[in-house]
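Close look at the chain arrangement
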Amino acid sequence: MPYRSGGPALDAPVSVLLVTSRESRRWVIPKGNPAPKLSPHLAAALEAEEEAGVRGAVCPTPLGSYRYRKRRKTGASLMFDVDVYPLAVGEELAEWKEAGERTRRWFSLAEAADAVEEEDLAHLIRSFNAAEFHSATRRRSLLSVVAEKSKVGPMFAWFQKLLPQTGNFFELFEAHAESVCAASMALGRLFNDGSARHEHIREISEREHDADNIIRETLSTVRRTFLTPFDRGSITSLISAMDDAIDEMQGAANAVDIYEFTEFEPEMRDMVGIIIDSGRLLAEALPLLRDVAGNAGRLHELTERLVRMEGHADELHRAGLKVAFQRFGHVQGSAMQFTVRREIYKHLERIVDAFEDVANEIDSIVIDHA
């Protein structure tokens, strides 16, 4: 499922790219039969390039699956199961293999869900990112509502200044999450695009510096704030886990830069695909903390997926190290090749581990406040 964000803000609208089927001309996501020599997610990415003319980082953990009935040339009408993999679009091709056979078009999530015929696919699209729901989760305080209704603006504002401060923690959480998401997208471009690598490395570094400023402001706000929305330990643990993720992104980028590494193995790219999708889930989850009780169910769904993807990343990490050892471990003079790869894998694993820590912190907040 190719997707893109309308901007860096967490509540920026998310678009999904659909294509028309060749025979019925109905709107579908790019799909096809599994390729014998490709893993399922890479086969899905290849179908997206051939049918929709897009390339990008694909997450190897599927969003879910759906079933649909397809009429074969023999006249038989058979059911097919489709696993759906999110693909963060980084490039749209002007020409592609099936350009003359299909039409492609970007849809909002709601429009895409209405455009497809399969009910289960529509549900996956609607639940992909609740960006349109974020504005509803930004609850105004009771004091501000009273001020608006009673029209006592300036006088009421003076009264509010006498009340205990509650801090702008939600804004800080979301600002930090924006930095994490932007850095994860830059990491994806670094590992999937050989050109402009120094620009991608520089952006990751800049995003990490932005995140450092935000965490310092958060810790300072915790110290000087009388009332906090959650336990102080939960606030510091949550944003520290988020900061660990972007710190390790910078560590991975620095390793790529220092060792002038360009041979990104499939397992590395797959782990980066998981990192990008983890950032997307984080971007959805953080605004939902403004109303923990009302959003407890959705928060649990998001954290459950983060934990599941961390397990998948562990498998990729082990497989990648094994391949690297088999390739370089027994070759004289190639120890440095293995050491460099192990260093990069270490940072990628720690990024995903940090996202799992974020998921655990969010779950703790939900348990305490929902």
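It should be emphasised that the depicted structure is a prediction, and the values quoted were computed from it without experimental measurement.

Remarks on the overall build of the protein
- The number of helices and strands found in the protein is 12 helices and 8 strands.
- When each of the 370 residues of the protein is scored for burial, the buried share is 49%.
- Excluding contacts between residues fewer than 6 apart, the proportion of contacts in the protein whose partners are at least 24 apart in sequence is 74%.
- Carbon and sulfur atoms make up 51% of the accessible area of the protein, which amounts to about 18400 Å² in all.

A closer look at the nonpolar core
- With 97 residues, the main nonpolar core has L187, F191, L289 and L348 as its most contacted residues.
- Per element, the largest residue contribution to this core is 14 residues, and it comes from helix α12 (residues 335-369).
- For F191, the residues in contact, after removing those within four places along its chain, are V256, F264, M268, R269, V272, I344 and L348.
- By size, the runner-up hydrophobic cluster in this structure holds 12 residues, among which are V28, A52, V89 and W106.

Here's the deal with the environment of E203
- Counting through the fold element by element, E203 comes out in helix α8 (residues 197-224).
- As for E203 and L187, which are separated by 16 residues in sequence, their C-alpha atoms are 9.0 Å apart.
- Not counting chain neighbours up to four residues away, the residues in contact with E203 comprise A182, A186 and R189.

Details of a nonpolar patch on the surface
- The grouping of I258, Y259 and M336 at the surface amounts to a nonpolar patch, some 350 Å² of accessible area in total.
- Structurally, the position occupied by Y259 is in the loop between α9 (232-258) and α10 (266-288).

Observations regarding the layout of surface pockets
- Volume-wise, the largest pocket comes out at about 1100 Å³.
- Lining the largest pocket we find 37 residues, and of these K31, G32, N33, Y68 and K70 sit closest to its centre.
- Those elements giving two or more residues to the lining of the largest pocket turn out to be α1 (40-52), β5 (64-71) and β6 (77-84).
- Here the lining of the largest pocket takes 7 residues from α1, the largest share from any one element.
- In terms of residue class, the lining of the largest pocket is made up of 18 nonpolar, 4 polar and 15 charged.

Overview of the packing of aromatic side chains
- Under the criterion given, the structure shown has 9 aromatic pairs.
- Ring geometry for Y3 against F128: centres 4.8 Å apart, planes inclined by 65 degrees, an arrangement best described as edge-to-face. Highlighted residues: Y3 in strand β1 (residues 2-5) and F128 in the loop between α3 (119-126) and α4 (131-137), separated in sequence by 125 residues. This pair shows no difference in class: Y3 is buried, exactly as F128 is.
- Plain terms: the ring middles of W27 and F107 are 5.0 Å apart, the flat faces sit at 75 degrees to each other, and that makes the pair edge-to-face. Of this pair, W27 sits in strand β3 (residues 27-28) while F107 sits in strand β8 (residues 104-108); the two residues are 80 residues apart in sequence, bridging distant segments of the chain.

Procedures and definitions
Residues numbered from 1 in each chain as written. Predicted model: local features only at pLDDT ≥ 70, side-chain atom pairs only at ≥ 80, totals over all residues. Heavy atoms only, no water. Helix = DSSP H or I, 4+ residues; strand = E, 2+ residues; numbered from the N terminus. Buried < 20%, exposed > 50% of the residue type's maximum accessible area, 1.4 Å probe, protein only. Contact = heavy atoms within 4.5 Å. Areas by Shrake-Rupley, 256 points an atom, 1.4 Å probe, with all protein chains shown as cover. Core = buried A, V, L, I, M, F, W, Y, C linked by side-chain atoms within 4.5 Å. Patch = residues over 30% accessible without salt bridge, like charges linked within 9 Å, V, L, I, M, F, W, Y side chains within 5 Å. Salt bridge = Lys/Arg side-chain N within 4 Å of Asp/Glu carboxyl O. 1 Å grid on protein atoms, 1.4 Å probe; cavity = no way out; pocket = protein on both sides within 12 Å on 5 of 7 lines; lining within 4 Å. Points joined across faces, edges and corners; volume = space filled by probe spheres on them. Nonpolar A, V, L, I, M, F, W, Y, C, P; charged D, E, K, R; others polar. Phe/Tyr/Trp six-rings, centres within 6.5 Å; stacked < 30°, edge-to-face > 60°.

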